[in-house]
Amino acid sequence: MNLSGVPVPVLRLRTLLSFDASDDGLYTPVVVVGDKSRPLGLIVDRINRLVAVEVDARAELEPDSTFNRCADHAIRIGEEIIAVLSLDRLLLDAEQSRIREFARIEAERLAALEATTS
């Protein structure tokens, strides 16, 4: 995905978490996380709401409760307990390296495209 000239790799969160595939459509939401130096787009089923969470509202999870500790804590909102994903642990090191390489290649492609249209 090209976000204001910055290449953003996009991954299906369902696939990463080994859920059954769903059909992506024109209005399938993509949540962009990370920062400008390392953005990542996650295709999600839906977005219910955005909430600000105080740091002291976090509850630690058991170390072996998720693969690669991809969720390192949880928060409670009303009656819901929500696992919070850790971007640093969502992908294996080799996967993160491949994504960085694809992003580098795409940045070069975008720069070349910009040079030809200027």
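See the structure above.
Computed from a predicted model, the values in this text were never measured in an experiment. (Residues numbered from 1 in each chain as written. Predicted model: local features only at pLDDT ≥ 70, side-chain atom pairs only at ≥ 80, totals over all residues. Heavy atoms only, no water.)

Residues Leu-11, Leu-13, Val-33, Leu-40, Leu-42, Val-44, Cys-70, Leu-90, Leu-91 and Ile-99 constitute the largest nonpolar core, which totals 10 residues. When near neighbours in sequence (up to four residues on either side) are disregarded, Leu-42 contacts Leu-11, Leu-13, Leu-16, Pro-29, Val-30, Val-31, Val-33 and Leu-90. (Core = buried A, V, L, I, M, F, W, Y, C linked by side-chain atoms within 4.5 Å. Buried < 20%, exposed > 50% of the residue type's maximum accessible area, 1.4 Å probe, protein only. Contact = heavy atoms within 4.5 Å.)

This part is about a nonpolar patch on the surface. Together, Met-1, Leu-3, Val-10, Val-30 and Val-32 make up an exposed nonpolar region whose accessible area comes to about 360 Å². The topology assignment puts Val-10 in strand E3 (residues 10-12). Under the relative-accessibility criterion, Val-10 is labelled partly exposed at 32%. (Patch = residues over 30% accessible without salt bridge, like charges linked within 9 Å, V, L, I, M, F, W, Y side chains within 5 Å. Areas by Shrake-Rupley, 256 points an atom, 1.4 Å probe, with all protein chains shown as cover. Salt bridge = Lys/Arg side-chain N within 4 Å of Asp/Glu carboxyl O. Helix = DSSP H or I, 4+ residues; strand = E, 2+ residues; numbered from the N terminus.)

Residue Ser-4 is not a glycine yet carries a positive backbone phi of 55°. By relative accessible area, Ser-4 is classed as exposed at 75%.

With 6 bridges joining them, strand E7 (residues 71-77) and strand E8 (residues 80-85) adopt antiparallel strand pairing. Along E8, the bridge assignment pairs Ala-71 with Leu-85. In textbook terms, the turn of a hairpin is the stretch between consecutive antiparallel strands, and for E7 and E8 this stretch comprises 2 residues, one of which, Gly-78, has a positive phi near 60°. (Pairing = 2+ DSSP bridges.)

Counting buried positions over the 7 residues of E7 gives 5, a clear majority of the element. Judged from the 3 bridges that link them, strand E6 (residues 58-60) and E7 form a sheet pairing that is antiparallel. Residue pairing for E7: Glu-60 is matched across the bridge by His-73.

All right, on to helix H3 (residues 93-117) then. The first and last C-alpha atoms of H3 sit 36 Å apart over 25 residues, in line with the 36 Å expected at 1.5 Å per residue. Turning to H3, its buried residues number three or more, namely Gln-96, Ile-99, Ala-103 and Leu-110. Here the buried face of H3 lies against strand E1 (2-3), strand E2 (6-7), E3 and helix H2 (87-90). (Expected span 1.5 Å × (residues − 1).)

By themselves, these observations are geometric and do not establish any function.
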